[in-house]
Amino acid sequence: MTFLVLLVLACIDAAATEVYRWVDEDGNVIFSDVPRPGAEQIHVDDVSTVPAQPVPAQRTRTEATASGDGPAYDTLRIAAPADEATIRNQQQLGVEVRLDPALDAGAGHRIQFYYDGETYGEPVAATSTVVQPLERGTHKIGAAVVDASGKALLSAEPVTIYVHQTSILTPRPAVRAPSGS
C-alpha cells in the first residue's frame, strides 16, 4: 500500500497539485487530484531530485582492436545442452556455444571447453565439441574464449547436467511377444 501511495505521489506535479484521499465502498483507498465529497486533502511536499551521473564511455570493438586487445566479445554462452538437462543412457554429448561476435581464429583465439572445472581437450577454433564417455552423476560444462597464449578473454556461465545410465544391477523388464490373432 505504501508503494502505491509513493507511486501516485511521484507521478504528481507536487508544486501546484492538490491531492485527495478517500476510501470507496469496497474499502479501497483512492488517491486523486479531483476532490469529491468526504475526501481529505493531503499536503504533498516538493519532490526531491538528484541530477543524473554521467556514464563513462565504453570501448567499442574498433577501439579494443586498435589497442591491441583484439576483438571485444560481447557474449559467450553454452547453447547446448540446456542448464539442468538430464541425459539418459548416452555415451557422448554434443556441447555447443554461442559467441558474439564470431570467433577471431585469425588472431589465434580459440574456444576452451571445461568438464567439471577441468580443461576438456585442447582449445579449438570451433564452437562445438563432443564430450565422451559420459559417466553417471552431476557434471558442470563450461567454455571460454582464449587467446594464443591460453589467457581467457571471456568465460561462459557453466551449465549443470545430470547423467543417468542404465545399471547392470537393474534387470530390464521382459519383452512380451505380440499375441497372434
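Refer to the structure presented above.
Definitions and limits used
- Residues numbered from 1 in each chain as written.
- Predicted model: local features only at pLDDT ≥ 70, side-chain atom pairs only at ≥ 80, totals over all residues.
- Heavy atoms only, no water.
- Helix = DSSP H or I, 4+ residues; strand = E, 2+ residues; numbered from the N terminus.
- Buried < 20%, exposed > 50% of the residue type's maximum accessible area, 1.4 Å probe, protein only.
- Contact = heavy atoms within 4.5 Å.
- Areas by Shrake-Rupley, 256 points an atom, 1.4 Å probe, with all protein chains shown as cover.
- Pairing = 2+ DSSP bridges.
- Axes fitted to C-alpha atoms, helices over the stretch in contact; angles between N-to-C directions.
- Core = buried A, V, L, I, M, F, W, Y, C linked by side-chain atoms within 4.5 Å.

Caption draft 1: Structural detail: the overall build of the protein chain. For the protein chain, the count of helices and strands is 2 helices and 12 strands. Listed by position from the N terminus, the elements making up the protein chain come as α-β-β-β-α-β-β-β-β-β-β-β-β-β. Of all 181 residues assigned to the protein chain, the portion counted as buried reaches 25%. In the protein chain, once contacts between residues fewer than 6 apart in sequence are set aside, the share between residues at least 24 apart is 51%. Total accessible area computed for the protein chain in this model is approximately 12900 Å², and 52% of it derives from carbon and sulfur atoms.

Caption draft 2: Layout of the sheet that holds strand E3 (residues 40-42). Pairing is antiparallel across the open sheet formed by 3 strands, whose spatial order is E2-E1-E3. Looking at which strands have only one partner, the edges of the open sheet turn out to be strand E2 (29-32) and E3. Pairs of neighbouring strands in the sheet enclose a mean axial angle of 30°, with direction left out of account. Relative to E2, strand E1 (residues 19-23) runs antiparallel, the two sharing 4 bridges. Within the sheet, the bridge partner assigned to Val23 lies in E2 and is Val29.

Caption draft 3: Structural context of the nonpolar core. Core analysis: the biggest nonpolar cluster contains 22 residues, and Ile87, Val97, Leu99, Ile111, Leu134, Ile141 and Val145 have the highest contact counts within it. For this core, the elements supplying multiple residues, two or more each, are strand E4 (75-80), strand E5 (85-88), strand E6 (93-100), strand E7 (110-115), strand E10 (137-146) and strand E12 (159-164). Among the elements that line this core, the one with the most residues is E6, at 4 residues.

Caption draft 4: Quick look at the pairing of E7. Sheet topology places E7 next to E10; 6 bridges connect them, and they run antiparallel. Of the residues in E10, the one forming a bridge with Phe113 is Ala143. Linking E7 to strand E8 (residues 118-124), which pair antiparallel, is a turn of 2 residues; within it Asp116 sits at a positive phi near 55°.

These values are about where atoms sit, not about what they do.
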